[in-house]
Amino acid sequence: MTNPELDRLVEAVARRLARITSRRGFLARIGVALVGAAAFPLLPVSRASAQGADAPDDSGLQGTAGDPASCDYWRYCSIDGFLSACCGGTHRSCPPGTEMSRVTWIGTCRHPLDGKDYIISYNDCCGNSFCGRCLCNRNEGDRPVYLTGKSNDINWCMGTPTAAYNSTVAIVLGVATGSS
Amino acid sequence: MTNPELDRLVEAVARRLARITSRRGFLARIGVALVGAAAFPLLPVSRASAQGADAPDDSGLQGTAGDPASCDYWRYCSIDGFLSACCGGTHRSCPPGTEMSRVTWIGTCRHPLDGKDYIISYNDCCGNSFCGRCLCNRNEGDRPVYLTGKSNDINWCMGTPTAAYNSTVAIVLGVATGSS
Amino acid sequence: MHRLGALPRFAAACVAVVVGAGLAGPAPAAEPLGKVETLPAPPGRHWVWVSDVLLRRAALVDADTGRFLGMLPGGPGILAPLRSLDGREIYQAETYYARGTRGARTDLVSITDARSLQPQGEVVIPPRRSEHTSWVAGSALSDDGHFLAVFNLNPATSLSIVDVARRRFVGEVETPGCSLVYAAGPRRFFSLCADGSALVVTLDEDGSPVSKLHTPRWFDPRADPVTEKAVRRGDRWFFVSFEGVVHPVDVSGAEVHFAEPWPLLSDAERKESWRIGGMQPFALHAPSGRLYALMHRGGPDTHKAPGTEVFVYDVDRRERVQRFALRNSLASFVLEQLRMPTGGAVDWLLQHLLPAHGVERIAVTQDDAPVLLAATAFPATLAVYDARSGGHLRDVREVGVAVNYVAAP
Amino acid sequence: MHRLGALPRFAAACVAVVVGAGLAGPAPAAEPLGKVETLPAPPGRHWVWVSDVLLRRAALVDADTGRFLGMLPGGPGILAPLRSLDGREIYQAETYYARGTRGARTDLVSITDARSLQPQGEVVIPPRRSEHTSWVAGSALSDDGHFLAVFNLNPATSLSIVDVARRRFVGEVETPGCSLVYAAGPRRFFSLCADGSALVVTLDEDGSPVSKLHTPRWFDPRADPVTEKAVRRGDRWFFVSFEGVVHPVDVSGAEVHFAEPWPLLSDAERKESWRIGGMQPFALHAPSGRLYALMHRGGPDTHKAPGTEVFVYDVDRRERVQRFALRNSLASFVLEQLRMPTGGAVDWLLQHLLPAHGVERIAVTQDDAPVLLAATAFPATLAVYDARSGGHLRDVREVGVAVNYVAAP
C-alpha cells in the first residue's frame, strides 16, 4: 500500500462500515432503540445517602468529559442508549413529546473533579419515535435478562403509556457515601 | 494510485456506497416499497387484441433476458418495484401471504425472440411486508402524479385490504397488434 | 388510564429496583425526575422539518446549530408537518393499520402542540390518502388556516377537508381527473388535472365546497408536463416543466390567472444537457424572489435525478442571477463517519474520489438571512448552505436513516 | 368487508386505467390474474426463519438455494415464529399500537397458515410482553403443542398462557424473580431466576398452572451466570456460563435434573482469551449431539461480542471435536455489492483488508445433512455453512436490512 491518503480512505470507509456493524452503529441503535435499553450495573449503593447532596459543578470539567452531548460525559458511565441531550432534551430532561420512565436502573459514577461517587438514575425517555442520535453504550456489568436490573438487553420503557423508546437521561440522585 | 487491487477495492466500496445511494439501492427500495410503485408508461395499446394470444415461449431465451428473477427479464421493460420472483412468488404470481392488486398499469414489451409486442399487466402484490429484494426500476415514460396512470411515484396497492406494498408481477395480457 | 393503571406497577418497580440495589428506599433526588422539555415560542427562523421514512418521524432541527429540537412521530408513508398560522399547532396526515400492515386502516389528521410536541387531538378522515414518493402537495392548509385538505387517490381522486379549528372532518370533495392539492386563498385550493388544466375548489365558512371550477388548459401535459413539485411566493405559485419552463400561477384574484411562462435554461445550457431533477427540486425565498432549482446534466427521463448544482433565479426579472455547486453528499457522509472537518485533504479526496452523488431535496428559510437545506435519502444527509452566497455552512450529523422530505416552514 | 367495499372502486379503477390507455375494455388475459403462491408441505429441511427488525418481518428462506419462500409480517420488537407440531400453523407474539408509537397497545399471538402464510386468527394477550435484544426465550410452545407461553416483563415478571388449539387466552402465571420461558415437557415450562434457580410451571389440560416449583440453585448468578441463550436436545437443555461452562438441564423426569457442568474452554484457550460471545451464540444438532459455539478472543464483558470462529463439541463425550473459522461477514457483504464470487482475489483482499467482523447469531438445521446459518444484523448478512465440515456453502443475497434473529425450526 503505497498511497497513504488512499490507505486512509480505505481504512476510513472500512471503519465506517465496521462502525455501523458495531454495537455503537446505527442498527445497533435500532436494536437499542427497540429494547430501549440502559445498562445499569448493580453497584454498592447500600450506604447511599443522598440527603442534601447536590449535583456537582461541571463548569471546571475539560473537554468531552463535561459535555452532556458526548458519550464521554462523566454521568454516562453505565448508560446504553441515545443521549437525550442529542435528541431535544438534556442530560437530565427528556425531549419534547416524550415521557420519562419511572422504572429505571441506578448506577454510580465518579465525578472527575471532586472525586465523589454519585448515584445516577438512568431514565428512558419513552414514546414519540426513535431518536437515533448519539448512541452511547458503556456495557460494563451487563448481565443476563433474568438478572433483570443488571441487563441492558431489556426495554426499560415500562409503565409509561407506550413502551416505544426515544432516548435516555442521567440524573444525579445523590452521593454514594463510602462506595469509593 | 499505484495499487490496482486497492484502487479496485476503493472503487468497489465507493460503488457499493454509490449503489445504496442510487434509486436502485436499498433505501430506494424502501422508498419504492412505501409507494408500492410500478412504472407504467402509456403505450399505444388501443388496437390491442389479446383474444387467443398465449404468453410467448421463453425457453429459447439466453441469459438474464429469460430469467424472471433478473431485472433484465423481457417482461419488466416498464416495471418499478421488487420482483415477486425474488420474494416467494413468480413473475406472474404473488408471494404467499400477499394479495394481488386489481388496480394496475399496463405496459408493452417486445419479446426478444418472436419480436412481438406483448401487453403486460404490472400488478403489485400487497400486504404482508416489504419484500426488499431485486428492486427493478426501468423508469422510462414516468410522468407527474396528476397523470396518474403514468406516474411511478404512486402506490398502486389500492382497493386491496391493505395498501402495504410487497412486490410486483408482470403478466402477459395479450399481443398489442400494430403497435410495433 | 393506562398511565393510572400502571402506577401500582411503578411502585412494584421501585421496590424491585431498591431491593435489587439493597436500598431501604429510593433516595430523594438531588435533581428533579420526570422533567420533559418544551420548545420556546415563537419558533426559530431556521428551524426545519426533516422527515424520515424508516424512523417514521419528522425531526425538528435547528439549522444554525445542527441540533435536534424534537420529533413528530408518524406512521408509514408521507410525513409532512404543517404549522398553524399562529404557530401554536402542527397538523399532519397519518395512516395506521390495526396490525401493522393488516387490519383496519385509520387515516387521520393529528394535531400536535408546537411547543410540547405532545398530541392534542386527531381528526379521522377517509382511509384513502395518497402515497407518492415526492411527499409534495399531499396535503395543504387553507390560507386562512381553518381548513386542511388531504389528497386521496384510490384511484378515484378527491380531497378530504378537515376543519382544524373545530377539530372535525367536514367532508370529501371529489376531484375527478385532478390530483394533489395546493392552497390558493383563504378558503380555496386547486388540484392539477391530467388535461393540463387546474381544478379550483372554493369552500364556504363551514368548509363545504361552494364552487368547483376548471381553469383553461395552461400547460401541455403531453408535450412538456409541469412537475407537481411547485413552490409558492405569496399569491403566486411557480410550476416548472420537465424541460425547465416556469409556469407562474397567480391566485390573488377571484379567478386563477396564468402568467407568461419563461425558461430556466438557455439554449447553450440545453446543449450541455442541463436539466432540472430531484424529488424536491425547487425552493423559493419569498422576500427576495429568489428561486432555487436543482440542476444536473442528463437526458430525458432524468427529471428525478439528483442535482449537482443549484441555479438561482430572480422570478421578477425572470433571469438567473447565480449558480453554485453542491457538495458530494456521499463524500460528506463518509467524512462524518471519519469525524473529520470539511475543507481538509481527506474531504477534498472524498469529494473528488467518490462518485458524484447529488442532492434530491432542497428547501430555503424565509428570513432575511436565509439558509438553504440540501438533503439526500441515503446516506441520510442534510447540508446547510448560505442561501445568499451559496457557501456551505455545515452538515447536520446523524440526521436520520432515510430522509424523504425536508421543509422550512 | 373492506375487500367487498373496495370492489366498486376496482371497477372505477379499471375504467380509469382503460380510459387512460384508450381501451374499450380490459383485454382478457392470456395468463391468469390474481394468482398467489402457497408453499409445499411438508416444510423443507433447510427452510429457515430470518427476522428483520427494521423491515418488521420474518423471512422464510431456503438455505439450499438462498431463495425467499415468503414472509411473516409482524410489528415492532421480537419476531420469533414458532411452528406447530404438525407443521400446519405458525404462531408469533406481536405488539401493536393503535397510532404507531402511541394509543392503545395490543399484544397478541398470531396464528398463520404455514402454507398460505395468510393470517388464520389471533389471540389477544396482556399488553406487557418483554422486549429484549437477543429475542431468545421470549416465548415457547409446550412440548404437546397445545400451549404457547409468552414472557411478560413490566417489570413484574409473568407468563401469558395461550391455548393455541382452542385459540384462547388461558391466563397469566406470575413468576416473581424469574424470567424468560423454556419448554420442558408436554405441559411444562421453566424460567430462570435471579437467585440461580429455575421456576418450573406445570399446566393442567386446560392450561391452568397446577404447580409452580423452584428448583435448587444450579448455578451462581454472581460468580459466573449462565447466558439465557440456551439450546435444546430432546429432554436436555444446555446453558453456558459467561466463562464457558456448560450446565445441562434434564427435563425428562417429574423433577428437573441438573447434570454435571463441564467446560468448553481449556486453560490454554482461556490464556488465549477465547470467550463465548454473540446474541445467538449457540446451536445444537440433536441427532449428532453436536454443540456449535460462537467464539472470539476478548476480555470480560465481551459476552455479546461477535464470534470469529465456531467451536464444535460432542455433548455426550463433552469434548471439542472440531473448530472452524467464519468468514468476515462485512467482507462478504461488500463482495455481494461487487457481485463477485467467493474465493477470488478481491474476496481474499476484502477478507483480509476489512476489519474482522464476526457473527452474532447461528442456528443449525436438524436433518442428516445439516447446514449452519451464520447471521449479522448490519450489514445484514446470512451465510450458509456445511455444519459437518464447516465449509462455506453460500451467502444469501439481499437477506434484509437488520437481521435480529435466525431460527432453523
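Scroll up a little and you will see the structure.
Asks: It is not clear to me how the overall build of chain C should be interpreted in this structure. Could you clarify?
Replies: In terms of helices and strands, chain C carries four helices and 30 strands. At 23 Å, chain C has a C-alpha radius of gyration in line with the 22 Å of a compact globule built from 409 residues. Overall size of chain C, expressed as C-alpha extent along the three principal axes, is 80 × 60 × 40 Å. For chain C, the residues scored as buried account for 61% of the 409 residues in total. Taking as baseline every contact in chain C between residues at least 6 positions apart, the subset at least 24 positions apart corresponds to 44%. For chain C, the accessible area works out to roughly 14800 Å², and carbon and sulfur atoms hold 54% of it. Each charge class in chain C was averaged separately, 43 positive and 45 negative side chains, and the resulting centres sit 4 Å apart.

Asks: Honestly, the side chain of His 285 of chain C in this entry has me stumped. Any pointers?
Replies: All names here are of chain C. With respect to the secondary-structure elements, His 285 resides in strand β22 (residues 282-285). We classify His 285 as buried; its relative accessible area is 5%. For His 285, the side chain forms a polar contact with the side chain of Ser 288, separated by 2.6 Å. Those residues within four positions of His 285 in sequence are excluded, and the remaining contacts are Arg 290, Tyr 292, Val 364, Thr 365, Gln 366, Asp 367 and Pro 370.

Asks: How should I be thinking about the relation of the copies chain D and chain C in this particular structure?
Replies: Two copies of a chain can be linked by a rotation about an axis combined with a shift along that same axis. Rotating chain D by 180 degrees and translating it 0.0 Å along the rotation axis places it on chain C, where the RMSD comes to 0.0 Å. This pairing of chains is accounted for by a two-fold axis. Within chain D, the C-alpha atom positioned nearest to the axis of rotation is that of Ala 98 of chain D, 2.9 Å from it. Both copies share a contact surface, since 100% of the interface residues of chain D are interface residues in chain C too.

Asks: Can you walk me through the pattern of salt bridges in this structure?
Replies: Any two side chains of opposite charge can pair if their charged atoms end up close together. Residues and elements named next belong to chain C. All told, the structure shown has 58 salt bridges over all chains when counted by the stated rule. The residue Arg 166 makes a salt bridge to Asp 163 at a minimum N-O spacing of 3.7 Å. Of the residues examined, Asp 163 reaches a relative accessible area of 2% and is grouped as buried. Of the charged contacts, one joins Arg 323 and Glu 309 as a salt bridge, the two residues approaching to 2.7 Å between their closest N and O atoms. With Arg 323 in strand β25 (residues 319-325) and Glu 309 in strand β24 (residues 309-314), this pair connects stretches of sequence that are 14 residues apart. Classification of Arg 323 by relative accessible area gives partly exposed; the value is 34%. By relative accessible area, which is 15% here, Glu 309 ends up buried.

Asks: Looking at this model, I keep getting lost on unusual backbone geometry. Mind explaining?
Replies: With glycine set apart, most residues show a phi of negative sign, and most peptide bonds adopt trans. The amide bond that connects Ala 41 of chain C to the next residue, Pro 42 of chain C, takes the cis arrangement and shows omega of -5 degrees. Structurally, Pro 42 of chain C can be placed in the loop between α1 (2-21) and β1 (47-52). Looking along the chain, the bond that leaves Asn 154 of chain D and enters Pro 155 of chain D is cis, with omega of -10 degrees. Topologically, Pro 155 of chain D is positioned in the loop between β9 (147-153) and β10 (157-163). Here the phi dihedral of Asn 128 of chain B falls at roughly 65 degrees; this positive angle occurs in a residue that is not glycine. Its relative accessible area of 6% is what places Asn 128 of chain B among the buried residues. Of note in this structure, Arg 167 of chain D is not a glycine but carries a positive phi near 60 degrees. Among the structural elements, Arg 167 of chain D can be located in the loop between β10 and β11 (168-174). Residue classification places Arg 167 of chain D among the partly exposed residues on the basis of a relative accessible area of 33%.

Asks: What is the right way to read the interface of chain D and chain C from this model?
Replies: Size of an interface, as often reported, equals the accessible area lost when the parts are brought together. Taken together, the 20 residues of chain D in the interface contact 20 residues of chain C. Of the roughly 1800 Å² buried between chain D and chain C on both sides combined, carbon and sulfur atoms contribute 54%. Scanning the region where chain D abuts chain C turns up four salt bridges. When the shortest N-O distance is used, the salt bridge between Glu 122 of chain C and Arg 99 of chain D registers 2.8 Å. The tally of links between chain D and chain C comes to four residue pairs in polar contact (both at pLDDT 80 or more). Elements supplying a minimum of two residues to the side of chain D that touches chain C: α1 (2-21), β5 (89-99), β6 (102-113) and β7 (119-125) of chain D. Of the residues assigned to the side of chain D that touches chain C, the class counts are eight nonpolar, five polar and seven charged.

Asks: Sorry, what's going on with the packing of aromatic side chains here?
Replies: In this description, an aromatic ring pair is defined by two values, namely the gap between the centres and the angle between the planes. Residues and elements named next belong to chain C. Per the counting criterion, the structure on display carries 34 aromatic pairs over all chains. Between Trp 218 and Phe 258, the aromatic rings sit 4.9 Å apart at their centres with planes inclined by 15 degrees, giving stacked as the arrangement. Of the two residues, Trp 218 sits in the loop between β15 (209-214) and β16 (231-233) while Phe 258 sits in strand β19 (residues 257-258), which places them 40 residues apart along the sequence. For Trp 218, a relative accessible area of 10% puts it in the buried group. With a centroid separation of 5.2 Å and 50 degrees between ring planes, the pair formed by Trp 274 and Phe 311 is classed as tilted. Of the two residues, Trp 274 is situated in strand β21 (residues 274-276) and Phe 311 in strand β24; the sequence distance between them amounts to 37 residues. Comparing Trp 274 with Phe 311 shows no difference in burial state: the two are buried. Seen from the ring of Phe 311, Arg 320 lies directly overhead, with NZ or CZ sitting 4.6 Å from the centre.

Asks: Whenever I open this one, the environment of Thr 302 of chain D confuses me. Can you help?
Replies: Residues and elements named next belong to chain D. Tracing the chain through its elements places Thr 302 in the loop between β23 (290-297) and β24 (309-314). Setting aside anything within four residues of it in sequence, one finds Thr 302 in contact with Arg 275, Ile 276, Gly 277 and His 296. Engagement of the side chain of Thr 302 in a polar contact is seen with the side chain of His 296, the distance being 2.9 Å.

Asks: Would you explain the state of the cysteines in this entry?
Replies: Chemically, a disulfide is nothing more than a covalent bond linking the sulfur atoms of two cysteines. Residue and element names in this part refer to chain B. Tallied over the entire structure, the rule returns 14 disulfides over all chains. Linked covalently through their sulfurs, Cys 71 and Cys 136 form a disulfide whose S-S length is 2.0 Å. Its S-S torsion of about 75 degrees marks the bond between Cys 71 and Cys 136 as right-handed, since a negative value means left-handed. Of this pair, Cys 71 sits in the loop between α2 (26-35) and β1 (80-82) while Cys 136 sits in strand β6 (residues 135-137), and the two are 65 residues apart along the sequence. Look at Cys 71 and you get buried, because its relative accessible area is 17%. With a relative accessible area of 0%, Cys 136 lands in the buried category. Residue Cys 87 pairs covalently with Cys 131 via a disulfide, S to S 2.0 Å.

Asks: Would you explain the sheet that holds strand β4 (residues 82-83) of chain C in this entry?
Replies: Strand pairing in a sheet relies on backbone hydrogen bonds. The paired strands run either parallel or antiparallel. Residue and element names in this part refer to chain C. With antiparallel pairing, four strands are arranged side by side in an open sheet as β4-β5-β6-β7. Strands with a single pairing partner mark the edges of an open sheet, and in this sheet they are β4 and β7 (119-125). In this structure, β4 lies alongside strand β5 (residues 89-99), joined through two bridges in antiparallel fashion. By the bridge assignment for β5, Arg 83 is matched with Ile 90.

Rules behind the numbers
Residues numbered from 1 in each chain as written. Chains lettered and ligands numbered in written order. Predicted model: local features only at pLDDT ≥ 70, side-chain atom pairs only at ≥ 80, totals over all residues. Heavy atoms only, no water. Helix = DSSP H or I, 4+ residues; strand = E, 2+ residues; numbered from the N terminus. Rg over C-alpha atoms; globule rule 2.2 N^0.38 Å. Buried < 20%, exposed > 50% of the residue type's maximum accessible area, 1.4 Å probe, protein only. Contact = heavy atoms within 4.5 Å. Areas by Shrake-Rupley, 256 points an atom, 1.4 Å probe, with all protein chains shown as cover. Lys, Arg positive; Asp, Glu negative; His and termini not counted. Charge placed at Lys NZ, Arg CZ, Asp CG, Glu CD. Polar contact = N/O pair within 3.5 Å; in protein donor to acceptor, adjacent residues only side chain to side chain. Least-squares fit on C-alpha atoms with pLDDT ≥ 70 in both. Salt bridge = Lys/Arg side-chain N within 4 Å of Asp/Glu carboxyl O. Buried area = accessible area lost by both parts, 1.4 Å probe. Nonpolar A, V, L, I, M, F, W, Y, C, P; charged D, E, K, R; others polar. Phe/Tyr/Trp six-rings, centres within 6.5 Å; stacked < 30°, edge-to-face > 60°. Lys NZ or Arg CZ within 6 Å of the ring centre and 35° of its normal. Disulfide = S-S within 2.5 Å. Pairing = 2+ DSSP bridges.

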